[in-house]
Amino acid sequence: MTDQETPPAAPAPALRPIGGAARCAVVGLGLASLAWAARAVWHVRLAGAGQPASGPPDQGGGVHRPLTALEDSYHLVASLGSAVTAVCAVAFLLWLDRVRDNARALSGTEPRYGYHWLFLGWIVPVGNLWIPRGIVVDVHRSVFPDRRLPSVVNWWWGLWLAGLAGGVGLVYSDSHDEVIARAYTGVLPLLAADLVIIAAAVAAALMVRTLTAAQQGHIARRGY
């Protein structure tokens, strides 16, 4: 190379479009919050109707009495809500995968958590208390090391953990008939968990919009 020659410019990092994924995640989170709101409404309706004289749907010993019309409609609402929540989770993970890849390309550093933790981080006991938040924090800090972490990230994660501690895990592990029995005998814990998860979904949607806008603005300023 002569003194007059200049080294070739470094290739621009391979970036993935995130606008569409962010919109899908926000819509999914909005639908999930509506699904949980519907569950809360049915929990209130069940509590207001009171348990039938024949007792809870699950009579024990493998015996189940015929469901009332209200109980049957709760099964439908809960099943649809679970399906919507599953779709929301997929949309959120697809968004997180894209912004994570972009953060790695923009910063030139490898994430603390490998690709498999994008999925396992939510289900590994104990680790699920901090790994998902850590992945989101890394997305922000790898690109903006000197910028304060948006407060909405901590709001989202705090509300999510509060929802788990408040009984959401029990709702998911219990059958629909068992949840119906809980609504008859003590609806307030169910409602508290419902409301916290609704708030967590709203905070997650705000977080998606905030981090997406920050990353897109950075990419535009750098001219990629």
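Residues numbered from 1 in each chain as written. Predicted model: local features only at pLDDT ≥ 70, side-chain atom pairs only at ≥ 80, totals over all residues. Heavy atoms only, no water.

J.: So what exactly am I meant to see when it comes to the overall build of the protein chain here?
T.: Across its full length, the protein chain carries seven helices and two strands. Helices (α) and strands (β) of the protein chain occur, in sequence order from the N terminus, as α-β-β-α-α-α-α-α-α. Against the compact-globule benchmark of 17 Å for 224 residues, the protein chain has a radius of gyration of 23 Å, which places it well outside the compact range. On the principal axes, the C-alpha backbone points of the protein chain span a range of 95 × 30 × 25 Å. Looking at the protein chain as shown, the accessible area adds up to about 11900 Å², and 65% of this sits on carbon and sulfur atoms. (Helix = DSSP H or I, 4+ residues; strand = E, 2+ residues; numbered from the N terminus. Rg over C-alpha atoms; globule rule 2.2 N^0.38 Å. Areas by Shrake-Rupley, 256 points an atom, 1.4 Å probe, with all protein chains shown as cover.)

J.: Looking at this structure, I do not really get the packing of aromatic side chains. What am I missing?
T.: The relative placement of two aromatic rings is captured by the distance of their centres and the angle of their planes. Evaluated as defined, the whole model comprises eight aromatic pairs. Look at phenylalanine 92 and tryptophan 156: their rings are 6.1 Å apart centre to centre, the planes differ by 40°, and that puts the pair in the tilted class. Taken as a pair, phenylalanine 92 in helix H2 (residues 69-107) and tryptophan 156 in helix H5 (residues 151-173) lie far apart in primary sequence, 64 residues in all. Across the pair, exposure class does not vary: phenylalanine 92 and tryptophan 156 are buried alike. Where tryptophan 122 meets tryptophan 160, the ring centres are 6.2 Å apart and the plane angle is 85°; that geometry is what we call edge-to-face. Separated by 38 residues along the polypeptide, tryptophan 122 in the loop between helix H3 (117-120) and helix H4 (131-141) and tryptophan 160 in helix H5 bring together distant segments of the chain. Classification of tryptophan 122 by relative accessible area gives partly exposed; the value is 25%. Taking the ring centre of tryptophan 36 as reference, the NZ or CZ of arginine 39 above it sits at 4.6 Å. Against the face of phenylalanine 144 rests arginine 147, its NZ or CZ located 4.0 Å from the ring centre. (Phe/Tyr/Trp six-rings, centres within 6.5 Å; stacked < 30°, edge-to-face > 60°. Buried < 20%, exposed > 50% of the residue type's maximum accessible area, 1.4 Å probe, protein only. Lys NZ or Arg CZ within 6 Å of the ring centre and 35° of its normal.)

J.: What should I look at first to understand the packing of H2 against helix H6 (residues 176-185) in this one?
T.: Axes are the key here: two packed helices are described by the angle between their axes and the distance separating the axes. Two elements in contact, H2 and H6, have axes separated by 10 Å at closest approach and are oriented at 115°. Judged by the twist between their axes, the crossing of H2 over H6 is right-handed. Only His176, Asp177, Val179, Ile180 and Tyr184 of H6 make contact with H2, whose side of the interface consists of Glu71, Tyr74, His75, Ala78 and Ser79. Residues belonging to the contact of H2 with H6 are distributed by class as follows: five nonpolar, three polar and two charged. (Axes fitted to C-alpha atoms, helices over the stretch in contact; angles between N-to-C directions. Left-handed = near helix turned anticlockwise from the far one by under 90°. Contact = heavy atoms within 4.5 Å. Nonpolar A, V, L, I, M, F, W, Y, C, P; charged D, E, K, R; others polar.)

J.: Help me understand the pattern of salt bridges in this model?
T.: If charged atoms from side chains of opposite charge come close, those side chains can pair. Under the defined criterion, the tally for this structure stands at six salt bridges. Between arginine 16 and aspartate 101 there is a salt bridge, with its nearest N and O atoms 2.8 Å apart. Highlighted residues: arginine 16 in the segment before helix H1 (19-49) and aspartate 101 in helix H2, separated in sequence by 85 residues. By relative accessible area, arginine 16 is classed as partly exposed at 30%. Aspartate 101 sits in the buried class, given a relative accessible area of 17%. Of the charged contacts in the structure, one is a salt bridge between arginine 65 and glutamate 71, with a shortest N-O distance of 2.7 Å. Each member of the pair arginine 65 and glutamate 71 is classed as buried. The network of salt bridges with common partners includes Arg16, Asp97, Asp101, Arg104 and Glu110. (Salt bridge = Lys/Arg side-chain N within 4 Å of Asp/Glu carboxyl O.)

J.: I tried to follow the packing of H1 against H2 on my own but got confused; where do I start?
T.: With their axes 8 Å apart at the nearest point, H1 and H2 run at an angle of 155° to one another. When the axes of H1 and H2 are compared, the pair comes out roughly antiparallel. Like other packed secondary-structure pairs, H1 and H2 cross with a definite hand, here left-handed. A breakdown of the residues in the contact of H1 with H2 according to their chemical character gives 22 nonpolar, six polar and four charged. (Parallel < 35°, antiparallel > 145°, perpendicular 65-115°, else oblique.)

By themselves, these figures tell us nothing about what the structure is for.
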